[in-house]
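For reference, the chains in residue letters:
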Amino acid sequence: MSLPLRSTRTRMSQPFERRGGGNVSIDSKIIIFVVKLTFVVLLCGSSYLAGSIWGRHSLEMSSTAPMSVGSLIHGPGVSGGDVDSGMDCEKVRRELINSEVKKELEKHMNELKSPASPVENNDSHAATPRFPQQMQRFANGMTRVKKDDLNEYFDFGNPMDPGKGTGEEDAIILYHNKKSLPNDKKLAYSAEYDDGKGIPMTDPETATENCDSMNVVFIGNPGNTRQCTAIIGNFESYHIQRWMRANDKGIDPSLPLEHKSRGIASNGRSNFYAPPFNNQYTKKHWSMLRTFLENVDSVLDELKPILKKVSRNNSVVILTCNHGQSALLVNFACSATRRGFDLGNILVFPSDLETKELAEGLGLTTYYDEKNMGPLPSGEARRYGDKTFKAMMYAKVLCVLYPLLLDYDVLFQDVDIVWYKNPMTFFHN
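Residues numbered from 1 in each chain as written. Predicted model: local features only at pLDDT ≥ 70, side-chain atom pairs only at ≥ 80, totals over all residues. Heavy atoms only, no water.

Check the secondary structure of the protein and you find 12 helices and 10 strands. Expressed as a percentage of its 429 residues, the buried residues of the protein come to 29%. For the protein, long-range pairs separated by at least 24 residues make up 60% of all intrachain contacts whose partners lie at least 6 apart in sequence. Of the roughly 30500 Å² that the protein leaves accessible, carbon and sulfur atoms contribute 55%. (Helix = DSSP H or I, 4+ residues; strand = E, 2+ residues; numbered from the N terminus. Buried < 20%, exposed > 50% of the residue type's maximum accessible area, 1.4 Å probe, protein only. Contact = heavy atoms within 4.5 Å. Areas by Shrake-Rupley, 256 points an atom, 1.4 Å probe, with all protein chains shown as cover.)

This part covers unusual backbone geometry. Here the phi dihedral of Asn-313 falls at roughly 55°; this positive angle occurs in a residue that is not glycine. With respect to the element layout, Asn-313 can be found in the loop between α7 (280-310) and β7 (315-321). We classify Asn-313 as exposed; its relative accessible area is 64%.

For soluble globular proteins, the rule of thumb is that nonpolar side chains tend to be buried together. Judged by nonpolar contacts, the single largest core of 22 residues is most densely connected at Leu-303, Leu-307, Leu-347, Phe-349, Met-373 and Tyr-402. Elements that contribute at least two residues to this core include exactly α7, β7, β8 (346-350) and α11 (387-405). A total of 7 residues in this core trace back to one element, the largest contributor, which is α7. Apart from residues no more than four positions distant in its own chain, Leu-347 is found in contact with Leu-303, Ile-306, Leu-307, Val-310, Val-316, Val-317, Ile-318, Leu-319, Thr-365, Thr-366 and Tyr-367. Formed by 18 residues, the second largest nonpolar core is a distinct cluster that contains Val-317, Leu-329, Ile-346 and Val-415. (Core = buried A, V, L, I, M, F, W, Y, C linked by side-chain atoms within 4.5 Å.)

Inspection of every chain in the model, using the stated rule, returns 13 salt bridges. A salt bridge links Glu-192 to Lys-178; the nearest nitrogen and oxygen atoms lie 3.2 Å apart. Here the residue Glu-192 occupies a position in helix α5 (residues 185-192), and Lys-178 occupies one in the loop between β2 (170-174) and α5, the gap between them amounting to 14 residues. Among the residues examined, Glu-192 registers a relative accessible area of 15% and is labelled buried. The class for Lys-178 is partly exposed, based on a relative accessible area of 46%. Where Lys-396 meets Asp-414, a salt bridge forms, and the shortest distance between an N and an O atom there is 2.8 Å. A residue pair is termed long-range when its members are at least 10 positions apart, and Lys-396 in helix α11 and Asp-414 in the loop between β10 (409-412) and α12 (423-428) qualify at 18 residues. (Salt bridge = Lys/Arg side-chain N within 4 Å of Asp/Glu carboxyl O.)

Okay, a nonpolar patch on the surface next. A surface patch of nonpolar side chains, amounting to about 250 Å² of accessible area, comprises Met-214, Val-216 and Phe-218. Looking at where Val-216 falls in the secondary structure, it is placed in the loop between α6 (204-207) and β3 (242-244). Given a relative accessible area of 38%, Val-216 falls into the partly exposed group. (Patch = residues over 30% accessible without salt bridge, like charges linked within 9 Å, V, L, I, M, F, W, Y side chains within 5 Å.)

So, on to the environment of Met-201. Following the sequence through the fold, Met-201 ends up in the loop between α5 and α6. The exposure class assigned to Met-201 is partly exposed, which follows from its relative accessible area of 33%. Taking the C-alpha atoms as reference points, Met-201 and Lys-146, 55 residues apart in sequence, are found 8.2 Å from one another. Residues in contact with Met-201, not counting those within four places in the same chain, are Arg-144, Val-145, Lys-146 and Asp-170.

Here we come to a negative patch on the surface. The grouping of Asp-148, Asp-149, Glu-152, Asp-184, Asp-203, Glu-205 and Glu-209 at the surface amounts to a negative patch. If you trace the backbone, Glu-152 turns up in helix α4 (residues 147-153). Given a relative accessible area of 68%, Glu-152 falls into the exposed group. (Lys, Arg positive; Asp, Glu negative; His and termini not counted. Charge placed at Lys NZ, Arg CZ, Asp CG, Glu CD.)

Glancing now at the pairing of β2. In β2, alternate side chains face the same way, and those of Ala-171 and Ile-173 are buried while those of Asp-170, Ile-172 and Leu-174 on the opposite face are not. Note that strand β1 (residues 142-146) and β2 share 5 bridges and pair antiparallel. Bridge pairing in β2 links Lys-146 to Asp-170. (Pairing = 2+ DSSP bridges.)

Overall, the predicted model of the protein reaches an average pLDDT of 79, with 75% of residues at or above 70. Element-level mean pLDDT values for the protein span from 49 in helix α2 (residues 69-74) up to 96 in β1. Low pLDDT, under 50, characterises residues 1-26; the stretch is placed with 17 contacts to residues that sit more than four places away or in other chains. For the stretch residues 115-125, pLDDT sits under 50, and the model shows 16 contacts to residues farther than four places along the chain or on other chains. (pLDDT = per-residue confidence, 0-100.)

Encoded structure:
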């Protein structure tokens, strides 16, 4: 039986000469591994040395190293002798972070103190304008003021119902230009931007302190109908248009909005129409005309001495009023008296005895045409163009016609007007 053979020895492809002489063969893979290892060690060593040198340079506290940690923390110009060269790296890192946080905090505080930002507001609404850029020519902010305070501060010249406790308690002031906003920065910001607290409230003086001019619109909603108001940027107009979904039968929500005259009532029906020839209104007017013609001479005879007394330069101021509008007459008389105007040039034609007594109590001269004006309604008109309103138009015709028939110059005015200057001075100039 033959024994297994030993493995055959292999020889190195490259000879290696030993110290004592002779050649030895070694695997080439070992040599390649040693070379790579040496290269890696040298590379790491050189990187470590370079990092150590640069790190030491960055920790220098001298003024010659502007990008060093010491310069970032303490600022340039601090010498190395002022700081311990053995400063702990963790301490340096904390001071650097604190320095950056301090800078950001100071920057944020400066932004909060800027006029363009709220002083005490950090919510998400702070940067949202109340009106978009597309409306900046006529809407740059708004404030609220109490209706009663506004009426007390400005003399609008007409009486107003109290606003307290009603749905008309506050009035809105719309700012067309940013320069017209109030001086108070916080209030101005709240007026211009949505701060999540609604429309800001202020007093009339503060709200209008930078308004060089102010347009005033009185608006109501008689009948509590589905009414809205459109404000359109355009050339300035002092007239309010009225649009309604209405036809001859009244309001119809299925119709488009169309321009209507003031003669259309809130129910959509016209208050002005040509009456048929053979109806009760035509005959009623004929009866009123007959009463006028039968009594005009006696009325003129009674008026002659009264007009002679109140006329100035052959001119007279004429007003007419019923009891329903007597509050407006009181307002006119009190306003004129407060401003020192002479009421002796005024003749009032009351349409009822209550108003006659009230006017004379205010120091005004009156003439009561009982035959022609006695049948007229004494109540207040509920709306423009209703039956009471139209009936009182007849009184306006008569009170102007009588002095004209007696060759006097007449200035007629409604009782809802107040004087800032004596109008007769203008007409006599």
